[in-house]
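Architecture at a glance
Each chain, letter by letter, is given below.
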Amino acid sequence: MKEYQTITEISGPLVFAEVDEPVGYDEIVEIETPDGRTLRGQVLESSDGLVSIQVFEGTGGIDRNASVRFLGETMKMPVTEDLLGRVMDGSGNPIDGGPDIVPDERRDIVGAAINPYSREYPEEFIQTGVSSIDGMNTLVRGQKLPIFSGSGLPHNDLALQIARQATVPEEDDVDESDEDDEEGSEFAVIFGAMGITQEEANEFMADFERTGALERSVVFMNLADDPAVERTVTPRLALTTAEYLAFDKGYHVLVILTDITNYCEALREIGAAREEVPGRRGYPGYMYTDLAQLYERAGRIEGREGSVTQIPILTMPSDDITHPIPDLTGYITEGQIIVDRSLNSQGIEPPINVLPSLSRLMDDGIGEGLTREDHADVSDQLYAAYAEGEDLRDLVNIVGREALTERDNKFLDFADRFENEFVQQGYDTNRAIEETLDVGWDLLSMLPKEELNRIDEDLIAEHYREETPEAATAD
Amino acid sequence: MSQADTESVDEGGVIESVSGPVVTATDLDARMNDVVYVGEEGLMGEVIEIEGNLTTIQVYEETSGVGPGEPVTNTGEPLSVDLGPGLLDTIYDGVQRPLDELEEKMQSAFLDRGVDAPGIDLERTWAFTPIVEVGDTVESGDIIGEVPETESITHKVMVPPDIDGGEITSIEAGEFTVEETVAELDTGETISMHQEWPVRSARPANEKQTPTEPLVSGQRVQDGLFPIAKGGTAAIPGPFGSGKTVTQHQLAKWSDADIVVYVGCGERGNEMTEVIEDFPELEDPKTGKPLMSRTCLIANTSNMPVAARESCIYTGITIAEYFRDMGYDVALMADSTSRWAEAMREISSRLEEMPGEEGYPAYLAAALSEFYERAGKFNLINGGEGSISVIGAVSPPGGDFSEPVTQNTLRIVKTFWALDADLAERRHFPSINWNESYSLYRQQLDPWFRDTVAEDYPEVRQWAVDVLDEEDELQEIVQLVGKDALPEDQQLTLEVARYLREAWLQQNAFHDVDTYCEPQKTYRMLQAIRTFNDEAFSALDAGVPVDEIQEADAAPRLNRMGTAEAWDEFIDDLESDLESQLRDLY
Ligand SMILES: Nc1ncnc2c1ncn2[C@@H]1O[C@H](COP(=O)(O)OP(=O)(O)OP(=O)(O)O)[C@@H](O)[C@H]1O
Ligand SMILES: [Mg+2]
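Residues numbered from 1 in each chain as written. Chains lettered and ligands numbered in written order. Predicted model: local features only at pLDDT ≥ 70, side-chain atom pairs only at ≥ 80, totals over all residues. Heavy atoms only, no water.

Here the focus is the overall build of chain A. Summing up its helical and strand segments, chain A has 15 helices and 21 strands in all. Computed over its C-alpha atoms, the radius of gyration of chain A comes to 25 Å, within 12% of the 23 Å expected for a compact globule of 475 residues. C-alpha extents for chain A along the principal axes are approximately 85 × 60 × 40 Å. For chain A, the residues scored as buried account for 61% of the 475 residues in total. Sequence separation of at least 24 residues holds for 72% of the intrachain contacts in chain A that already meet a minimum separation of 6. Here chain A has roughly 17400 Å² of accessible surface; of this, 43% comes from carbon and sulfur atoms. Each charge sign in chain A was given a centre, from 37 positive and 100 negative side chains, and these centres are 4 Å apart. (Helix = DSSP H or I, 4+ residues; strand = E, 2+ residues; numbered from the N terminus. Rg over C-alpha atoms; globule rule 2.2 N^0.38 Å. Buried < 20%, exposed > 50% of the residue type's maximum accessible area, 1.4 Å probe, protein only. Contact = heavy atoms within 4.5 Å. Areas by Shrake-Rupley, 256 points an atom, 1.4 Å probe, with all protein chains shown as cover. Lys, Arg positive; Asp, Glu negative; His and termini not counted. Charge placed at Lys NZ, Arg CZ, Asp CG, Glu CD.)

Spelled out as structure tokens, the structure:
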């Protein structure tokens, strides 16, 4: 391995060096600074005689005398089942004081694309215990379903609630007969933090430790004061680990990545340093492709036991869903869960706004034999009724309740109760799907039967509560 | 992709630089668009720029680890597709490598690189039956024989467009591989079932006709309000989650095309898997045969190499043209053309070309119109007729239609299905906005609808359009004063409009019955709502208060028409109940 002391330029996170042998694109580079630190980086562009290198840990401390080594391989993640229970930094070095990691294998972190022909369509219902998700935006194994939030909103509480409560109900019964102490259908959790604060990190770690989840977790921590460029590596380490556990070791893996916004800022920083032509709002033109290379690493594979389910979290700058980060994410992921500022100030926990939320894989994951026969219809009807009630709220501000028809007033009441009884449940309540649907029927029974035009007539006959549901509210 | 005969290989090239999918090489003797193999692993690429001794190549596979000094070889052939029996019931990547074949060769569920595979199986034999005889004279494009390709499609074996033709000196029925000769001409030319065609040039055809037949979609809002012609073009722009893909899937499933080419361009892996899993199980309403047997899938998902995303559109349209040449009506769906445009942008910016609007290359508009121009109803060079309908999804950033891809597309296409986030949010599906959308084919298709569905089809449609327009105006007033403040006749109009929206325009793609609605049913449903309208207004005129009219319990049954299995009977009963109930009120 040849060492060079040929750095010609240092600019932001980039270093340019002259070489006299060919260097591969994406290859890993080690740079030794005069003060004895070793920094790692990656080849961004390689031409005859000159390479540009992106340094993960930042270029602070590098000068023209630093020595550069090309390792002749692309970045790898050492993988083993023993990673479960371990905490690492954003570059994959253990920071929990535990033993060295003895890898089974070292895997390329970029990860190859899953052949679409080899995928299996995800359709196993995951019960998160959260009504607005299970009932109306159902998550399935192998889905990528991000949480779109805003700064200061309780997205972490929601993510933790999902991580704690997520199970696949049917498999419970099957697995438990095999082996008593087996985790059954619990998930292995991979947590990839990018640029979050120490305080937020503590919140996650404390919850993992309190619930014993850490044992079946792998944590990668790049914190706010860690180098920004490292953030482009952290999620790839996390996903490489996830794929290994899922597709080689048969785990059902839940990957939580937070905060994608910080990841995208890092991409923008690198793009700017390379003087690329920027795309929308200064983010690189290839950001869609780059994000897809993360998000598409979720799924199921034909003939393999495990699965990778992703819940990325992103905070929308100024709560703007058309900002490139949520926009490009929404174009790639299979839906989104929206955490809403005004519901949050109303004290709704979790403050999920179901209207702009969506789960695209819901339709195949629910229904008879999966959840319940009436699930799809109830969900559709709840949407339609809530949307109608929501609309009327604007009108009622102008004309007052008296100017509305009786029908309209019912929809207004429905919208209020929907928020206070269906969405509102608290972060510690774990509702089974039947319970969620029953709450749905309580609310729908406020409306005249004829209004339930999204629900099959037989199902109405079976579930509609004939008596006025006022009594049911008194608790 | 085409396994071009590699006689003319040039091995002289050496990599000069690598930046993502863009590689430059020196000393390569190449023409524009030649296919080359890059590096020790032989990654497939295409020449996209030549400047002096320096050749720029876009590489269709990941380039990690590839470095300067590695060799580049030129095949001397442009990027081409293999054409012949075996295209249907297949899934390809963007450069026509069969994905099942790749899985087998790579022994992995993950896409490795440096592995190539021919677009059609070169070993498999097919039963060829001639339809011409020795002594017949044939010309370019003429059909000389047939092969049962799938359950539903007969493949026509043609004289390739680049062979002039002549007198047949030998032709025989039998089992042949695609490369074996099935016919010989007196000119010495031989014809096999295999053709190759460079994807970036259109296959030849004679002039285009004005299309007069609709591509029946089985979707009420489309067939009813905004029809597309067989041979027409349509765009579906909409923000994420508004229903572009579901709309495209619905067309791929239920439209009455003979052949469907579905191009998943830079979108989700699972969406392609869904098609692979669903289509073999679904029946073509026209033939009763599995849908997959008329379908060719091209999947270059968002995480697959970006250069192959750029080419997948061309691969798709060339395959579509080949089936058109056999006289078929082909429908091509491209989801999403925006990802294709972004792939162009990405490559262009790596080439450091002068960017046009929003960083897209200056030739964006030209590339889009060239693509949509390959659609149409054509007179074929063999004297027959065939059509290609092209339906492109557009994914505008932030859902804002003023961006370059949407705008440049709208300048070309004649049907515009505008998806609306607001409608999608309230789960009004398909969320095609009836105020913004249009079809410039309406007039030319009207005679077909009159003849085939109902004599007064255009009039009934116009009635629906008028009611929806009126609702739109009334809604503005309602927003200010509330519905109760409106005069009774206007309240009734709002009620009728609500049925138009909820019972007719909405259609649930996931309901077994509702998912497909034949034009006859679309028409009858509309008529039933009109019956309600007419009876209700008569009652109102007779002095019945609007509240009482709304109480009539037959009316909400309008909402069940879509999901009714025996719809004919259901609608008959409903109409007579509406009549009797509303007439009883006065
Ligand atoms: N006709 C329909 N019937 C029922 N549901 C529908 C219909 N159209 C769309 N949907 C719902 O909307 C969701 C999103 O639709 P779709 O995936 O087609 O959006 P899209 O516009 O392609 O989004 P993206 O740009 O992100 O790919 C679907 O998963 C489905 O739940
Ligand atoms: Mg889509």
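Having seen the structure, we can now continue with the description.
The next subject is the pattern of salt bridges. On inspection of all chains with the given rule, the structure shows 67 salt bridges over all chains. The residue Glu124(A) makes a salt bridge to Arg141(A) at a minimum N-O spacing of 3.1 Å. You can see Glu124(A) sitting in the loop between strand 11 (119–120) and strand 12 (125–126) and its partner Arg141(A) sitting in the loop between strand 13 (139–140) and strand 14 (147–149), a full 17 residues away along the chain. Overall, the relative accessible area of 0% leaves Arg141(A) in the buried class. Put simply, Arg324(B) and Asp325(B) hold a salt bridge, and the shortest N to O gap is 2.8 Å. Summarising the burial analysis for this pair, Arg324(B) and Asp325(B) share the class buried. Where salt bridges share partners, they join Glu267(B), Arg268(B), Glu271(B), Arg339(B) and Glu342(B) into one cluster. (Salt bridge = Lys/Arg side-chain N within 4 Å of Asp/Glu carboxyl O.)

Glancing now at the sheet that holds strand 10 (residues 137–139) of chain B. All names here are of chain B. What the 4 strands build is an open sheet, ordered 10-13-15-16; its pairing is antiparallel. The open sheet is flanked by strand 10 and strand 16 (190–192), the only strands paired with a single partner. Geometrically, the sheet is characterised by an average inter-axis angle of 45° between neighbouring strands, direction not taken into account. Summarising the sheet, strand 13 (residues 165–171) and strand 15 (residues 181–185) pair through 3 bridges and their orientation is antiparallel. Its bridge partner lying in strand 15, Ile168 is registered against Leu185. (Pairing = 2+ DSSP bridges. Axes fitted to C-alpha atoms, helices over the stretch in contact; angles between N-to-C directions.)

Attention shifts here to the confidence of the model for chain B. For chain B, per-residue confidence averages 92 on the pLDDT scale, and 98% of positions sit at 70 or higher. Taken together, the chains of this predicted complex give a pTM of 0.93 and an interface ipTM of 0.92. (pLDDT = per-residue confidence, 0-100.)

Take the interface of chain A and chain B next. Residue-level contacts link 80 residues of chain A with 71 residues of chain B. Of the roughly 6200 Å² buried at the junction of chain A and chain B (both faces included), carbon and sulfur atoms supply 52%. The three residues of chain A that bury the most area against chain B are Tyr25(A), Tyr117(A) and Tyr331(A), which together make up 13% of that side's buried surface. Between chain A and chain B we count 2 salt bridges in total. (Buried area = accessible area lost by both parts, 1.4 Å probe.)

Tracing the backbone shows Gly398(B) in the loop between strand 24 (385–394) and helix 8 (404–410). Exposure remark for Gly398(B): the relative accessible area of 23% places this residue in the partly exposed category. When sequence neighbours within four positions are dropped, the list of residues in contact with Gly398(B) reads Arg280(A), Thr322(A) and Asp327(A).

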